[in-house]
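# Tertiary structure, described
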Amino acid sequence: MKFKKPDYLASKKNENNLPDGVWIKCEHCGQMLIKEDVITNKYVCYKCGHYFRLRAKTRIKLVCDQGTFTEWDKDVKQKDPLEFPGYLDKLDNLKTKLKLNDAVITGKAAINGKACAICACDGRFMMGSMGYVVGEKITRAIKQATNEKLPIVIFACSGGARMQEGMVSLMQMAKTSAALKEHSDAGLFYLSVLTDPTTGGVTASFAMLGDIILAEPDALVGFAGPRVIEQTIGEKLPEGFQRAEFLVNHGLIDGIIKRQNMKETIAKLISLHEHKSIDQKLVEKDIKINGKSSVSPAQIKASLPKNEWDRVLISRSNDRPTALDYIDNIFDDFYELKGDRRAYDDKAIVGGLAYLYGKPVTVIAHQKGRNTKENIKRNFGMPQPEGYVKALRLMKQAEKFNRPIITFIDTPGAFPGKTSEEHGQGQAIANNLFEMANLKVPVLSIVIGEGGSGGALALGVANEVWMMENATYSILSPEGFASILWKDASLASEAAKVMKMTAADLHKLGIVEKVIKEDFPACELNLKEISYNMASSISDFLDKYEDEDPDIIASKRLERFYSY
């Protein structure tokens, strides 16, 4: 197919009477730009970073490998269910002017060699609104992708349902969603990319149903657009409301995707959902270990714990590596996914996709900060209910794509505040325990610091639980234990002795399967060495369960907990 430059790049005299087709004006910052440089910059203003809206054909050209796109269902017949005056004439004029049969192009292509189905909406055609043809083409593309066992990538751009088609337009919301359910039940990957604008019935259907949902920077995304909200209820909206960054902060989408690396990102995400390992030699992380530690024997001896309370203090130390430190050193190509898809992205829990020696895995972790500023951002590693909802979302996603789950536990406990209670903290933890019990993929949990109460267990219903030598795992903090049983929190060190909360104690009790050795308390100096050993052990765990029947994996996990 031939690709035509967007209208805003068309050759014409500009307001400054500059040569035809050489300059264009950024509608955001007002700067005059060299057209060729804008194209080279993926149609992004190189002065202010504003994203120009793209034609569907331009979008396909930017992300698909050259010569691989084959269009599907180009000539779906138009309907006029309301016999709306002038509607068919308007459609005919747009078809002639834009050389499109409606507001979406669908087909099959390769992206960095990864085969997929693709749908690209075009906002120039009646504001990208979804009538019968748009709904039918997208539905057919999804069903064809299901038949061919292909992932599908949909670039949404729409003003919503098409008013001129009434209830027939509304039915396209249900139709596209139903097709996506069949695609999902077949274990296939759907990536939704939201572009400016994505509103109305498209937002309330296929656009928000992706296994992963990403948005271009500053894209307007919402069910009711700002003008509709202001005119309907008279509410003045805050700056940045319904923009892509707003959605990330409110947990509604997984992240932002920049146009400059969009092709590579999409190909990477497709690879991570292919139900197979990639060539280990291509991705195995080279963890460089700088020999033995430069810490003197005297320093090592002084740092070693003398009793249980010392281990409690070590597990809480700001010098102790965080979950992201281990993730960065153990896994390749970690891609963080954000949000509970409801209201909030809880930064006390991080999660996403990665490779371990070529095998795709889902990684979920409690995350603390190293200083006051980071700890405030991470809520001191104490998740809200939304954090546990995010974790469970990623676990269920891992189960769908048959990815093992690795969790890192490091939390004083679930956040006990007013909002947590209002939002159902207990229910959120209970749901995790309920669902994790029967996950059909192997789950490994590693306690790297504090393992505090149900807030830790919500990531710890695993086939195996490992603990680092100086980590702790307990029913509650020693201070809380002493306060409840002895009415004196100052007896925390005494409580630590009787609680059997150390790795050695819990290994004897059969609560944990493996104790990860620390020659001296984990810190930046021995992080790489510990990570190297941990990566090797995790790889052995994955090999152990690789060919295990999914029902057996779940039953073994149940038997583990039934034994307590």
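If you're wondering where the values come from, they're calculated on a predicted model, not measured in any experiment.

Rules and cut-offs
Residues numbered from 1 in each chain as written. Predicted model: local features only at pLDDT ≥ 70, side-chain atom pairs only at ≥ 80, totals over all residues. Heavy atoms only, no water. Helix = DSSP H or I, 4+ residues; strand = E, 2+ residues; numbered from the N terminus. Rg over C-alpha atoms; globule rule 2.2 N^0.38 Å. Buried < 20%, exposed > 50% of the residue type's maximum accessible area, 1.4 Å probe, protein only. Lys, Arg positive; Asp, Glu negative; His and termini not counted. Charge placed at Lys NZ, Arg CZ, Asp CG, Glu CD. Patch = residues over 30% accessible without salt bridge, like charges linked within 9 Å, V, L, I, M, F, W, Y side chains within 5 Å. Areas by Shrake-Rupley, 256 points an atom, 1.4 Å probe, with all protein chains shown as cover. Salt bridge = Lys/Arg side-chain N within 4 Å of Asp/Glu carboxyl O. pLDDT = per-residue confidence, 0-100. Contact = heavy atoms within 4.5 Å. Pairing = 2+ DSSP bridges. Right-handed = clockwise from strand over helix to strand, strands pointing away. Axes fitted to C-alpha atoms, helices over the stretch in contact; angles between N-to-C directions. Parallel < 35°, antiparallel > 145°, perpendicular 65-115°, else oblique. Left-handed = near helix turned anticlockwise from the far one by under 90°. Nonpolar A, V, L, I, M, F, W, Y, C, P; charged D, E, K, R; others polar. Core = buried A, V, L, I, M, F, W, Y, C linked by side-chain atoms within 4.5 Å. Expected span 1.5 Å × (residues − 1). Arc of directions from axis to C-beta.

We now examine the overall build of the chain. In terms of regular secondary structure, the chain is built from 23 helices and 18 strands. Expected size for 564 residues packed as a compact globule is a radius of gyration near 24 Å; at 27 Å, the chain falls within 12% of this value. Each of the three principal axes of the chain carries a C-alpha extent, and together these read 85 × 50 × 45 Å. A buried classification covers 53% of the 564 residues belonging to the chain. Computing the positive centroid from 76 side-chain charges and the negative centroid from 73, the chain places the two 5 Å apart.

On the surface, a nonpolar cluster with roughly 460 Å² of combined accessible area is contributed by Ile484, Leu485, Trp486, Leu491 and Val498. Broken down by element, the nonpolar patch gets its largest block of residues, 3 residues, from helix α19 (residues 478–486). Position of isoleucine 484 relative to the elements: it lies in helix α19. Using a relative accessible area of 53% as the deciding quantity, one classes isoleucine 484 as exposed.

Across the chain, the average pLDDT comes to 91, with 91% of residues at 70 or higher. Taken as a whole, residues 1–19 scores under 50 in pLDDT and shows 41 contacts with residues more than four places along the chain or in a different chain.

Moving on, we come to the pairing of strand β12 (residues 349–356). Counting buried positions along β12 yields 8 of 8 residues, so the element is predominantly enclosed. Of the two faces of β12, both are covered, the one formed by Ile349, Gly351, Leu353 and Tyr355 as well as the one formed by Val350, Gly352, Ala354 and Leu356. Note that strand β11 (residues 332–336) and β12 share 3 bridges and pair antiparallel. Within β12, the position partnered with aspartate 332 by the bridge is tyrosine 355. With 8 bridges joining them, β12 and strand β13 (residues 359–366) adopt antiparallel strand pairing. Across the sheet, the residue bridging to leucine 353 is threonine 362, located in β13. Remark: 2 residues form the turn of the hairpin made by β12 and β13, two consecutive strands paired antiparallel; tyrosine 357 in that turn has positive phi of roughly 50°.

Time to look at the pairing of strand β5 (residues 114–121). Of all 8 residues that make up β5, 6 are buried, and the element is covered over most of its length. As judged from the 8 bridges shared by strand β4 (residues 104–111) and β5, these two strands associate in the antiparallel manner. Looking across to β5, one finds that lysine 108 is bridged to alanine 117. With antiparallel pairing between neighbouring strands as the criterion, β4 and β5 make up a hairpin whose turn holds 2 residues, including asparagine 112 at a positive phi of roughly 50°. When β5 meets strand β6 (residues 152–158), the two strands line up parallel, connected through 4 bridges. Each bridged residue has a counterpart across the sheet, and for alanine 117 the counterpart in β6 is isoleucine 152. Where the polypeptide runs from β5 across helix α4 (residues 132–147) and back to β6, its parallel neighbour, the crossover connection is right-handed.

The subject of this paragraph is the packing of helix α15 (residues 385–400) against helix α17 (residues 425–436). Remark: α15 packs on α17, axes separated minimally by 8 Å, with the N-to-C direction vectors making an angle of 20°. Comparing their axes, α17 and α15 come out roughly parallel. Every pair of crossing elements has a handedness; the one defined by α15 and α17 is left-handed. On the side of α15, the interface is formed by Pro385, Tyr388, Ala391, Leu392, Met395 and Lys396, while α17 contributes Gln425, Ala428, Ile429, Asn431, Asn432, Glu435 and Met436. The class makeup of the residues in the contact of α15 with α17 is 8 nonpolar, 3 polar and 2 charged.

Turning next to α19. Residues lying three or four places apart along an α-helix face the same way, a consequence of the helix completing one turn every 3.6 residues. Those residues of α19 that fall on the buried side of the exposure criterion are Pro478, Gly480, Phe481 and Ala482. Elements that come into contact with the buried residues of α19 comprise α12 (308–315) and α20 (492–498). Where α19 terminates, the next one or two residues include lysine 487, which has phi positive at roughly 60°.

Here the focus is the nonpolar core. In terms of nonpolar packing, the biggest core is built from 131 residues, with Phe206, Tyr326, Phe331, Phe408, Met534 and Ile538 touching the most fellow members. Per-element accounting of this core gives the leading share, 8 residues, to helix α22 (residues 527–545). Cys26, Val38, Cys45 and Leu54 belong to the second-largest nonpolar core, a separate cluster that totals 8 residues.

Moving on, we get to the packing of α4 against helix α5 (residues 166–185). Running from N to C, α4 and α5 point in directions that differ by 10°, and their axes come no closer than 9 Å. Relative to α5, the element α4 is oriented roughly parallel. Here α4 contributes Tyr132, Gly135, Glu136, Ile138, Thr139, Ile142, Lys143, Ala145 and Thr146 to the contact with α5, which in turn contributes Val168, Gln172, Lys175, Thr176, Ala179, Leu180, Glu182 and His183. Looking at the contact of α4 with α5 residue by residue, the class counts come to 7 nonpolar, 6 polar and 4 charged.

As for its placement among the helices and strands, histidine 273 is situated in the loop between α9 (262–271) and α10 (280–283). Apart from residues lying up to four places away in sequence, histidine 273 is in contact with Phe189, Ile212, Leu353, Gln397, Phe401 and Arg403.

What follows covers unusual backbone geometry. In most cases, non-glycine residues show a negative phi, while peptide bonds are predominantly trans. That bond from aspartate 196 to proline 197 is cis: its omega, -5°, falls within 30 degrees of zero. Looking at where proline 197 falls in the secondary structure, it is placed in strand β7 (residues 190–199). Here asparagine 379, not a glycine, exhibits a phi torsion of approximately 55°, which is positive. Position of asparagine 379 relative to the elements: it lies in the loop between α14 (372–377) and α15. Even without a glycine there, the phi angle at lysine 487 is positive, about 60°. The topology assignment puts lysine 487 in the loop between α19 and α20.

Across its 12 residues, α17 extends 17 Å between first and last C-alpha, which sits within 8% of the 16 Å expected from 1.5 Å per residue. Taken together, the buried positions of α17 are Gln425, Ala428, Ile429, Asn432 and Met436. For α17, the buried positions fall inside an angular range of 95° around the axis, keeping them on one side. Turned more than 90 degrees away from the buried face of α17 sit Gln427 and Phe434, all of them exposed. Looking at the buried residues of α17, the elements they touch are α15, α16 (418–422), β15 (443–452), α18 (453–457) and α23 (550–562).

In the structure shown here, the tally under the stated rule is 35 salt bridges. Of the charged contacts, one joins lysine 181 and aspartate 185 as a salt bridge, the two residues approaching to 2.8 Å between their closest N and O atoms. Pair noted here: lysine 181 and aspartate 185 are both in helix α5, with a separation of 4 residues, about one helical turn. Overall, the relative accessible area of 56% leaves aspartate 185 in the exposed class. As a salt-bridge pair, lysine 400 and aspartate 211 come within 2.8 Å of each other at their nearest N and O atoms. One end of the pair, lysine 400, is in helix α15; the other, aspartate 211, is in the loop between α6 (200–203) and β8 (212–215), with 189 residues separating them in the sequence. For lysine 400, a relative accessible area of 21% translates into the label partly exposed.

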